[in-house]
Amino acid sequence: MGRMTASPGRRVLLAAPRGYCAGVDRAVIAVEKALEQYGAPIYVRHEIVHNKYVVQTLEKKGAVFVERTEEVPPGNIVMFSAHGVAPVVHEEARQGRLATIDATCPLVTKVHKEAVRYANDDFDILLIGHEGHEEVIGTSGEAPEHIQLVDGPEDVAKVEVRDPSKVVWLSQTTLSVDETMETVDALKTKFPGLVSPPSDDICYATQNRQLAVKQMGAEAELVIVVGSRNSSNSKRLVEVAKLAGSRAAHLVDFADEIDEAWLAGVTTVGVTSGASVPEVLVEQVLEWLAQRGYGDVEIVKAAEESITFSLPKELRRDLRDEAAVLVAERGGSGAAGTAAE
């Protein structure tokens, strides 16, 4: 990509790693493969990942995003997003005579399994996360009688458990590491016997992207985070940048959302992107900055990432036929292949 000559003293610190994590890459490819294999429409419950550009691009290819399972006509295919869903949603799909593809990130699935295991052992489970987030809703649904949501340290005072010797914490995977551990410390003060999960629930990608931003934050007067406003991990990167010492940090979906006024007095701009952001959007931000004299780009590398996940197993079956059989077995007219009105 061609860029204008950098102005003396002006530079960009570009975070590495940034952008797509393995779970997001898997989910987006799953939608694309399903469209290729089965044809449109492929219904997706909630946004497949929290990124405006990705959702709009997939819609143009034939994906139909719905908020409720019952919006999908019988005899169709519905995909569950990378954030995961509660068991009741799987049952809704079965009752609705739908074939399903589960694109839940394997790291989220790990948390779901931990919730089920601790619930079976009759633990009280304290789930650290943000109320209303799809991932929290899905995890809570695995063991609703055992799980309490703790939305930050300020919630700890109102937490009550049946037996302080049988209490465990789990967390939403996309939180700030520091924010989560602050909540954990407060919980441990109240419940000294608090059990930690066998491995950190905050995903590797979230931690790595935050680490890169911490390394650049002290040098960059301005940090631009590419990501959507409903992306929890992208919003956390803005917070981490400010805590790391950056004078200002802003979240943008696209380069044209950057305000030139933000550059006043700035010699070093940090750039990163959330885990659901395609690299093309970062390239557009870098081009925008280069046109304004910030053409000198230095990489700030915090970690190597080599993790990949295999595609959902359902993509190896003929789901259109399965959906038709579901309609035939349970009666009623299907609408396979018909987009929502």
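In this text, all values refer to a predicted model and were calculated from it rather than measured experimentally. (Residues numbered from 1 in each chain as written. Predicted model: local features only at pLDDT ≥ 70, side-chain atom pairs only at ≥ 80, totals over all residues. Heavy atoms only, no water.)

### So, the side chain of Asp124
Threshold: Where helices and strands are cited, they refer to DSSP runs of H or I of at least four residues and of E of at least two residues respectively, numbered from the N terminus. Residue contacts are counted whenever heavy atoms from the two residues lie within 4.5 Å of one another.
Inspection of the secondary structure puts Asp124 in strand β6 (residues 124-128). Residues within four places of Asp124 in sequence aside, it is in contact with His146, Val161, Arg162, Asp163, Lys166, Val167 and Val168.

### Quick word on unusual backbone geometry
Keep this limit in mind: Relative accessibility under 20% of the residue-type maximum defines a buried residue, over 50% an exposed one, and the middle range a partly exposed one, all with a 1.4 Å probe and only protein chains included.
Residue Pro17 follows Ala16 across a cis peptide bond; omega there is 5 degrees. Summarising the element assignment, Pro17 is placed in the loop between β1 (11-16) and α1 (22-38). Across the junction of Ala40 and Pro41, the peptide omega takes the value 0 degrees, indicating a cis bond. The residue Pro41 is located in the loop between α1 and β2 (42-45) in this model. We note that His46 has phi near 70 degrees; this positive angle belongs to a residue other than glycine. One non-glycine residue, Arg97, adopts positive backbone phi at about 60 degrees. Position of Arg97 among the secondary structure elements: in the loop between α3 (87-95) and β5 (99-102). Overall, Arg97 belongs to the buried group, its relative accessible area being 17%.

### Looking at the packing of aromatic side chains
Centre-to-centre distance and the angle between the planes together describe a pair of aromatic rings. Here is the rule we go by: Pairing of aromatic side chains requires ring centres within 6.5 Å, counting the rings of Phe and Tyr and the six-membered ring of Trp. Pairs whose planes differ by under 30 degrees are stacked, by over 60 edge-to-face, and all others tilted. A ring has a charge above it when a Lys NZ or an Arg CZ is no more than 6 Å from the ring centre and no more than 35 degrees off the ring normal.
Summed over the entire model, instances satisfying the criterion amount to 1 aromatic pair. Here the aromatic rings of Tyr118 and Phe123 are separated by 5.3 Å at their centres, their planes lie at 70 degrees, and the arrangement is edge-to-face. The two residues Tyr118 and Phe123 agree in class, both being buried. Just above the ring of Tyr118 sits the side chain of Arg117; from NZ or CZ to the centre is 4.6 Å.

### Points about the pairing of strand β10 (residues 248-252)
Where we set the bar: For two strands to count as paired, DSSP must find a minimum of two bridges between them. A crossover counts as right-handed when, viewed with the strands pointing away from the observer, the path leading from the first strand over the helix to the second turns clockwise.
Pairing of strand β9 (residues 222-226) with β10, which is carried by 5 bridges, proceeds in the parallel orientation. Across the sheet, the residue bridging to Ile224 is His250, located in β10. Regarding topology, helix α8 (residues 232-243) serves as the crossover connection from β9 to the parallel β10, and that connection is right-handed.

### A look at the UniProt feature "binding site: (2E)-4-hydroxy-3-methylbut-2-enyl diphosphate" (unreviewed entry) in the chain
Counted only if it meets this: UniProt positions are given in the numbering used here, feature names are shortened, and annotations may be inferred rather than shown by experiment. Pairing of N or O atoms within 3.5 Å defines a polar contact, subject to two protein rules: one partner must be a possible hydrogen donor and the other a possible acceptor, and residues neighboring in sequence count only if both atoms are side-chain atoms.
When the UniProt feature table is mapped to this numbering, "binding site: (2E)-4-hydroxy-3-methylbut-2-enyl diphosphate" (unreviewed entry) covers His50, His83, His133, Thr173, Ser231, Ser232, Asn233 and Ser276. Structurally, the position occupied by His133 is in the loop between β6 and α5 (134-140). For His133, a relative accessible area of 10% puts it in the buried group. Excluding residues within four positions of it along the chain, His133 makes contact with His50, His83, Gln172, Thr174 and Ser232. A distance of 3.0 Å separates a polar side-chain atom of His133 from the backbone nitrogen of Glu135. Among the secondary structure elements, Ser232 is positioned in helix α8. Non-local contacts of Ser232, meaning those with residues more than four positions away in its chain, are made with His130, His133, Gln172, Thr174 and Leu175. Here Thr174 takes part through its side chain, which lies 3.4 Å from a polar atom of the side chain of Ser232.

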